[in-house]
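This is what each chain is made of:
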Amino acid sequence: MTKDILVLGIETSCDETAAAVVRNGREVLSNIISSQIELHKIYGGVVPEIASRKHIEKINQVIEEALNTAEVTLEDIDAIGVTYGPGLVGALLVGVAEAKAISFALGKPLIGVHHIEGHVSANYITNKELEPPFLCLIVSGGHTHLVLVKEYGEYEIIGHTRDDAAGEAFDKVARAIGLGYPGGPKIDKLSKEGSKDAIPFPRAHIEGAPYDFSFSGLKSAVLNYINSSEMKHEEINRADIAASFQEAVVDVLVTRTMMAAKDFGMKKIAIAGGVAANSSLREAMSAACKENGFAFYYPTPIFCTDNAAMIASAAYYEYRKGIRSGFDLNAIPNLKIGER
Ligand code: KG4
Ligand code: ZN
């Protein structure tokens, strides 16, 4: 029998200070998330300086709690996985410095993880049987990518957003209709009271780039709709706007994903990132996969939004390949997927 591998994951790329202990890449022994959402809410979005400061305050406590909950000590850990990009540089640096210090003090391997590869790996936690190759739609606050996961840790991006990320569009539209930050979950909830066919918002297609996305035109269409209603002194129905906007996003995401799966001969589809928690996206993607005979995988909502268990999972597959980071590991705010 092979020895169990325990990875301590650390994630501080945005507004969650998170640490987790994961066994053999898939079994979560602890998953601690200290969210800063309440702090940033009053500003309507994440304030980088506040995020960094809060990460420093919380990181040791969060790691200690992760180890205690998992009932392990640092001595039991086989490797430390940490997000080193993309994200807010000051926020990333807190996790990277912490991981390097632990790695150096204990003489345990350090593995830098790409945040988006972490999101993809969240699927391994929820779906124990899922193995590459598969097609993954990653939709978060900062990213919208269609990626072929060819092997563990081996990715090919086949489509991406040309402007706003899907989650960013959710957050901006939510702000415009007075729902506050973060907007995704609030639009998801309010949509259930509205009609998705009430307002025909646009679906953008990019000439010559069939798998790419664009959401800034949709966001402008929503803002124009609100402005013109106000000018005509017409009452706006916020639930209808939320439902119709969400439908426009979901429609584009599902259509492109299905087209890519067929074109690239993929039989397994996964979704990842904060927007993958969206109930309408999950339902629509599930129905489309069923219709086309594809298997559909998605992480439980807690593993869709930022967490450190997904980082530990991604680090485990790197560890198995013998990939290690040096103490020169640095935060790379605009790190590209598949880059080292
Ligand atoms: O993956 P994530 O936690 O952070 C990034 O790496 O960006 O994603 C956060 C994004 C936010 O834009 C948030 O509004 C969106 O995910 N989100 C949702 C839902 N839950 C979170 N969007 C739509 N529906 C949801 N239920
Ligand atoms: Zn994320």
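Preceding block: the structure.
Procedures and definitions
Residues numbered from 1 in each chain as written. Chains lettered and ligands numbered in written order. Predicted model: local features only at pLDDT ≥ 70, side-chain atom pairs only at ≥ 80, totals over all residues. Heavy atoms only, no water. Helix = DSSP H or I, 4+ residues; strand = E, 2+ residues; numbered from the N terminus. Expected span 1.5 Å × (residues − 1). Buried < 20%, exposed > 50% of the residue type's maximum accessible area, 1.4 Å probe, protein only. Arc of directions from axis to C-beta. Contact = heavy atoms within 4.5 Å. Donors = N, O, S within 2.8 Å, 3.2 Å for Na, K, Ca; no water. Tetrahedral: all angles 85-135°; square planar, octahedral: opposite > 155°, others 65-115°. Phe/Tyr/Trp six-rings, centres within 6.5 Å; stacked < 30°, edge-to-face > 60°. Lys NZ or Arg CZ within 6 Å of the ring centre and 35° of its normal. Salt bridge = Lys/Arg side-chain N within 4 Å of Asp/Glu carboxyl O. Pairing = 2+ DSSP bridges. Polar contact = N/O pair within 3.5 Å; in protein donor to acceptor, adjacent residues only side chain to side chain. Axes fitted to C-alpha atoms, helices over the stretch in contact; angles between N-to-C directions. Parallel < 35°, antiparallel > 145°, perpendicular 65-115°, else oblique. Left-handed = near helix turned anticlockwise from the far one by under 90°. Nonpolar A, V, L, I, M, F, W, Y, C, P; charged D, E, K, R; others polar.

Student: Can you help me understand helix α7 (residues 216-231) in this one?
Tutor: For an α-helix, 3.6 residues make a turn, and residues three or four places apart therefore share a direction. With 16 residues, α7 extends 22 Å between its outermost C-alpha atoms, agreeing within 8% with the 22 Å of an ideal straight helix rising 1.5 Å per residue. When we look at burial in α7, the residues that qualify are Leu 218, Lys 219, Ala 221, Val 222, Ile 226 and Ser 229. In a view along the axis of α7, the buried residues occupy a sector of 160 degrees, so they form one face of it. Residues of α7 that are buried sit in contact with α5 (166-176) and α8 (238-263). Positive phi appears at His 233, one or two residues downstream of α7, with a value of about 55 degrees.

Student: What is the right way to read the coordination of the zinc ion (ligand 2) from this model?
Tutor: For a metal with four donors in a tetrahedral arrangement, the ideal angle between donors is 109.5 degrees, while six donors in an octahedron ideally sit at 90 or 180 degrees. The zinc ion (ligand 2) binds to the protein through His 115 (NE2), His 119 (NE2) and Asp 306 (OD), with metal-donor distances spanning 2.0 to 2.1 Å. Around the zinc ion (ligand 2) sit 4 donor atoms, and with donor-metal-donor angles ranging over 96 to 131 degrees the site reads as tetrahedral. All donor residues of the zinc ion (ligand 2) come from one chain, and their arrangement in sequence is H-x3-H-x186-D. A residue pair is termed long-range when its members are at least 10 positions apart, and His 119 in helix α4 (residues 115-126) and Asp 306 in the loop between α10 (301-304) and α11 (309-320) qualify at 187 residues.

Student: Honestly, unusual backbone geometry in this entry has me stumped. Any pointers?
Tutor: Most of the time, phi is negative for any residue but glycine, and the peptide bond is trans. Each neighbour pair has its own omega, and for Pro 132 with Pro 133 the value is 5 degrees, a cis peptide bond. Inspection of the secondary structure puts Pro 133 in the loop between α4 and β6 (134-139). Here the bond from Tyr 181 into Pro 182 is cis, since omega is -10 degrees, no more than 30 degrees from zero. Within the secondary structure, Pro 182 sits in the loop between α5 and α6 (183-191). Even without being a glycine, Glu 71 presents a positive backbone phi close to 60 degrees. Relative to the elements of secondary structure, Glu 71 occurs in the loop between α2 (48-70) and β4 (79-85). For Glu 71, a relative accessible area of 71% corresponds to the exposed category.

Student: Teacher, can you tell me more about the packing of aromatic side chains here?
Tutor: In this description, an aromatic ring pair is defined by two values, namely the gap between the centres and the angle between the planes. One pass over the structure, following the stated rule, counts 11 aromatic pairs. Ring geometry for Phe 213 versus Phe 215: centroids 6.1 Å apart, planes at 10 degrees, classification stacked. By relative accessible area, which is 1% here, Phe 215 ends up buried. Relative to Tyr 317, the ring of Tyr 316 has its centre 4.9 Å away and its plane inclined at 80 degrees; by these criteria the two rings are edge-to-face. For the pair Tyr 316 and Tyr 317, a shared accessibility class is recorded, and that class is buried. Through a chain of ring-to-ring contacts, three or more aromatic side chains come together here, namely Tyr 124, Phe 134, Tyr 152, Tyr 316 and Tyr 317. Note that Arg 320 overlies the ring of Tyr 152, its terminal NZ or CZ placed 6.0 Å from the centroid.

Student: What is the right way to look at the pattern of salt bridges in this model?
Tutor: Pairs can form between side chains of opposite charge whenever their charged atoms are close. For the structure shown, the criterion picks out 12 salt bridges. Here Arg 23 makes a salt bridge to Asp 4, at a shortest N to O gap of 3.7 Å. Highlighted residues: Arg 23 in strand β2 (residues 16-23) and Asp 4 in the segment before β1 (6-11), separated in sequence by 19 residues. We classify Asp 4 as partly exposed; its relative accessible area is 36%.

Student: How should the pairing of strand β7 (residues 144-151) be read in this particular structure?
Tutor: Successive side chains on a regular strand alternate, one facing one side of the sheet and the next facing the other. With respect to burial, β7 is a largely interior element, 6 of its 8 residues being buried. Pairing geometry for β6 and β7, over 6 bridges, is antiparallel. In the strand pairing of β7, Phe 134 is matched with Val 149. Across 6 bridges, the pairing between β7 and strand β8 (residues 154-160) is antiparallel. Bridged to His 145 within β8 is His 160. Connecting the antiparallel pair β7 and β8 is a turn made up of 2 residues, with Gly 153 showing a positive phi of about 75 degrees.

Student: Would you take a moment to explain α8 for this structure?
Tutor: Between the first and last C-alpha of α8 there are 38 Å, a value that for 26 residues agrees with the 38 Å anticipated at 1.5 Å per step. Taken across its 26 residues, α8 has 20 buried, putting it largely inside the fold. The opening residue of α8 is Asn 237, an N-cap whose side-chain oxygen sits 3.1 Å from the backbone nitrogen of Ala 239. Downstream of α8 by one or two residues, Gly 265 has phi in the positive range, about 65 degrees.

Student: Please clarify how the packing of α6 against α8 should be interpreted in this entry.
Tutor: Helix packing for two helices is described by the angle between their axes and how far apart those axes are. Here α6 crosses α8 at 110 degrees, and the two axes come no closer than 8 Å. With respect to α8, the element α6 is oriented roughly perpendicular. As for how α6 packs across α8, the hand of that crossing is left-handed. Residue-level inspection shows Ile 187, Asp 188, Leu 190 and Ser 191 of α6 in contact with α8, the latter providing Arg 238, Ala 239, Ala 242, Ala 243, Phe 245 and Gln 246. Split by residue class, the contact of α6 with α8 holds 6 nonpolar, 2 polar and 2 charged.

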